[in-house]
Amino acid sequence: MNKQFSALNKIFDSKQSFVITTHVNPDGDAIGSEVALALMLKNKGKKVTIVNQSETPDHLLFLTKLFPVRAYSSKYNNLILECDCFCVVDTNSPKRFSAMADVVAKSEALKICIDHHLEQEAFADLYVIDTDVPATCELLYKIFQSRTSHVITKPIAEALYTGIMTDTASFRFPKTDSETHRIVADLFMYGIDQYKLYQQVYESGPINKLWLLGKALESIQIHHNGKVAAMILPRQIFKETKTTEADVDNFTSYVLSIKNVVVGLVFVELQDGVKVSFRSKGNISVNNLAKQFSGGGHKNASGARLKNISFDDAIKKVLSATASYV
Ligand code: 5GP
Ligand code: MN
């Protein structure tokens, strides 16, 4: 990793203009990583723009007050084509920023990828990927600490903390270890208000999100001798509760909370396909299951988007493929 860190630091020092992006439907780790990296580069006098395929969800908008996050449209193409360095954080798959993938491929900018997911795809000149860390923000903390001068400020610490808190589900997921806690302890030294950050992410939602959760919990089905639980969210549920798929946040923890269930699935009917979230306990590699549907992610947490298939057929197909994993 030291070799990659030093290559990355050379790029941060030598290039002048940077465009940063992340995956579709960004989470706290995605936006936190972008904002932390953008602030570090801006503080070094670099020109930096964050452009994302998706809008920032409401519960993360506070991070965009630390650094603006733009929604992609073709008016950003020139910026992507002309920047010195294009940085992708928290994903290593161009499919996950598909709206701008073509223009990124055409751009002669140096492309770098900072991430913690398995099975990187070919698009970047430099990959800094650590699949052992629970959050890209933890990797970024290590990158920042590897620089010769001190770069972490309070806003950077706030962005990093948000990413680590959300991607570990508040320090509960298996990859959370003593190093994660040591890093977070260090972030406290920069004066972050962890309770305020927690409240902004988890205690500032609209009532509609709870109505959606209520219907989502009622939809849970048990399959494969009690080992698989599936939450089913057709478009109708979003209409009834005046919510969108961006409001399906952390619902996966409920499907895994059931005794004897080892694989949890959440099906969301999209305007143009089906989003499936895969979660597992222990040694079950749901990233391989997600791969069967052109998705991916981590061993215990993966996702996929299915196109050109009805909602019911997608559910049937995924449930049937799940059988051999349990
Ligand atoms: P979620 O189910 O919460 O959207 O995603 C779980 C994990 O799988 C995340 O780490 C996410 O980055 C990854 N993931 C989600 N959807 C996709 C997808 O369509 N393709 C790939 N390669 N990874 C995904
Ligand atoms: Mn992440």
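Above this note sits the structure.
What you see is a predicted model, and the numbers here were worked out from it, not measured in a lab.

Colleague: Outline a nonpolar patch on the surface, supporting the account with residue identities and numerical values.
Modeller: A surface patch of nonpolar side chains, amounting to about 340 Å² of accessible area, comprises Ile-207, Leu-210 and Trp-211. Within the secondary structure, Leu-210 is located in helix H9 (residues 207-218). Judged by relative accessible area, Leu-210 falls into the exposed class, the value being 54%.

Colleague: So, the nonpolar core: which residues are in play, and what are the values?
Modeller: Phe-12, Leu-37, Ile-143, Phe-144 and Leu-160 are the most contacted members of the largest nonpolar core, which totals 52 residues. Among the elements that take part in this core, helix H2 (residues 28-43) stands out by supplying eight residues, more than any other. Setting aside its immediate chain neighbours within four residues, Leu-160 contacts Ala-36, Cys-137, Leu-140, Tyr-141, Phe-144, Ile-152 and Leu-187. Core analysis: the second largest hydrophobic core is formed by 22 residues, Leu-265, Val-276, Ala-304 and Ala-321 among them.

Colleague: Tell me about the state of the cysteines, and please be specific about residues and values.
Modeller: Here a disulfide denotes a covalent bond joining the sulfur atom of one cysteine to the sulfur atom of another. Applying the stated criterion across every chain, the model contains zero disulfides. With no disulfide partner, Cys-83 has as its closest neighbouring cysteine sulfur the one in Cys-85, 7.0 Å distant. Free of any disulfide, Cys-137 has its nearest cysteine sulfur in Cys-87, 14 Å distant. Its relative accessible area of 0% is what places Cys-137 among the buried residues.

Colleague: Explain the coordination of the manganese ion (ligand 2) to me, using residue names and the numbers behind them.
Modeller: When a metal holds four donors in a tetrahedron, each ideal angle between them is 109.5 degrees; when it holds six in an octahedron, the ideal angles are 90 or 180 degrees. Around the manganese ion (ligand 2), the protein supplies Asp-29 (OD), Asp-90 (OD), His-116 (NE2) and Asp-167 (OD) as donor atoms, at distances of 2.1 to 2.3 Å. Read in sequence order, the donor residues coordinating the manganese ion (ligand 2) give the pattern D-x60-D-x25-H-x50-D. Taken together, the positions of Asp-29 in helix H2 and Asp-167 in helix H6 (residues 154-167) put the pair 138 residues apart, joining distant regions of the chain. Judged by its relative accessible area of 0%, Asp-29 is buried.

Colleague: Describe the packing of H6 against helix H7 (residues 178-188), with residues and values.
Modeller: For any two helices packed against each other, one specifies the crossing angle of their axes together with the interaxial distance. Packing of H6 against H7 brings their axes to within 10 Å, and their N-to-C directions diverge by 150°. With respect to H7, the element H6 is oriented roughly antiparallel. Taken as a pair, H6 and H7 cross one another with a handedness that is left-handed. Across from Ala-157, Leu-160, Tyr-161 and Ile-164 in H6, the residues of H7 making contact are Thr-180, Ile-183, Val-184, Leu-187 and Phe-188. Here the contact of H6 with H7 is built from residues that sort into eight nonpolar, one polar and no charged.

Colleague: Describe the pattern of salt bridges, listing the residues and the values that go with them.
Modeller: Once their charged atoms are close, side chains differing in charge can pair, the charge on each being opposite to the other. Tallied over the full model, the rule gives nine salt bridges. We note a salt bridge from Arg-147 to Asp-13, for which the minimum N-O separation is 2.7 Å. A residue pair is termed long-range when its members are at least 10 positions apart, and Arg-147 in the loop between helix H5 (136-145) and H6 and Asp-13 in helix H1 (residues 2-14) qualify at 134 residues. The buried category is assigned to Arg-147, whose relative accessible area is 9%. A salt bridge links Glu-245 to Arg-235; its shortest N-O distance comes to 3.5 Å. Taken together, the positions of Glu-245 in the loop between helix H10 (235-241) and helix H11 (252-256) and Arg-235 in helix H10 put the pair 10 residues apart, joining distant regions of the chain. A residue is classified by how much of its surface remains accessible, and Arg-235, at 23% relative accessible area, is partly exposed. Shared partners join several salt bridges into a network, and the residues in it are Asp-13, Lys-44 and Arg-147.

Colleague: Explain the site of ligand 1 to me, using residue names and the numbers behind them.
Modeller: Looking at ligand 1, there are 14 residues lining it, with Arg-96, His-117, Lys-275, Ser-277 and Arg-279 nearest. Measuring from an oxygen atom of ligand 1, one finds a side-chain N or O atom of Arg-279 at 2.7 Å. Separating an oxygen atom of ligand 1 from a backbone N or O atom of Gly-303 is a distance of 3.2 Å. For ligand 1, whose free accessible area comes to 490 Å², the fraction covered by protein is 81%. Elements supplying a minimum of two residues to the shell around ligand 1: strand E10 (273-280), strand E11 (296-297) and strand E12 (301-306).

Colleague: So, the sheet that holds E11: which residues are in play, and what are the values?
Modeller: Read across the sheet, six strands follow the order E7-E8-E9-E10-E12-E11 without closing on themselves; strand pairing throughout is mixed. Of all strands in the sheet, those bounded by a partner on one side alone are strand E7 (221-223) and E11. Examined bridge by bridge, E7 and strand E8 (residues 228-233) share three bridges and lie antiparallel to one another. Bridge pairing in E8 links Ile-222 to Ala-229.

Colleague: Could you give me a rundown of the pairing of strand E1 (residues 17-21), with the residues and numbers involved?
Modeller: For E1, the tally of buried residues reaches five of five residues, placing the bulk of the element in the interior. Side chains Ser-17, Val-19 and Thr-21 of E1 all project onto a buried face; the interleaved residues Phe-18 and Ile-20 project onto the opposite face, where all are buried too. Relative to strand E2 (residues 47-52), E1 runs parallel, the two sharing four bridges. Its bridge partner being in E2, Val-19 is matched across the sheet by Thr-49. For the crossover that starts at E1, traverses H2 and ends in the parallel E2, the hand is right-handed. Pairing of E1 with strand E4 (residues 85-89), which is carried by four bridges, proceeds in the parallel orientation. Within E4, the residue paired with Thr-21 across the bridge is Val-88.

So, how was this worked out
Residues numbered from 1 in each chain as written. Chains lettered and ligands numbered in written order. Predicted model: local features only at pLDDT ≥ 70, side-chain atom pairs only at ≥ 80, totals over all residues. Heavy atoms only, no water. Patch = residues over 30% accessible without salt bridge, like charges linked within 9 Å, V, L, I, M, F, W, Y side chains within 5 Å. Areas by Shrake-Rupley, 256 points an atom, 1.4 Å probe, with all protein chains shown as cover. Salt bridge = Lys/Arg side-chain N within 4 Å of Asp/Glu carboxyl O. Helix = DSSP H or I, 4+ residues; strand = E, 2+ residues; numbered from the N terminus. Buried < 20%, exposed > 50% of the residue type's maximum accessible area, 1.4 Å probe, protein only. Core = buried A, V, L, I, M, F, W, Y, C linked by side-chain atoms within 4.5 Å. Contact = heavy atoms within 4.5 Å. Disulfide = S-S within 2.5 Å. Donors = N, O, S within 2.8 Å, 3.2 Å for Na, K, Ca; no water. Axes fitted to C-alpha atoms, helices over the stretch in contact; angles between N-to-C directions. Parallel < 35°, antiparallel > 145°, perpendicular 65-115°, else oblique. Left-handed = near helix turned anticlockwise from the far one by under 90°. Nonpolar A, V, L, I, M, F, W, Y, C, P; charged D, E, K, R; others polar. Near = heavy atom within 4 Å. Polar contact = N/O pair within 3.5 Å; in protein donor to acceptor, adjacent residues only side chain to side chain. Pairing = 2+ DSSP bridges. Right-handed = clockwise from strand over helix to strand, strands pointing away.

Purely geometric stuff here, so don't read any function into it on its own.
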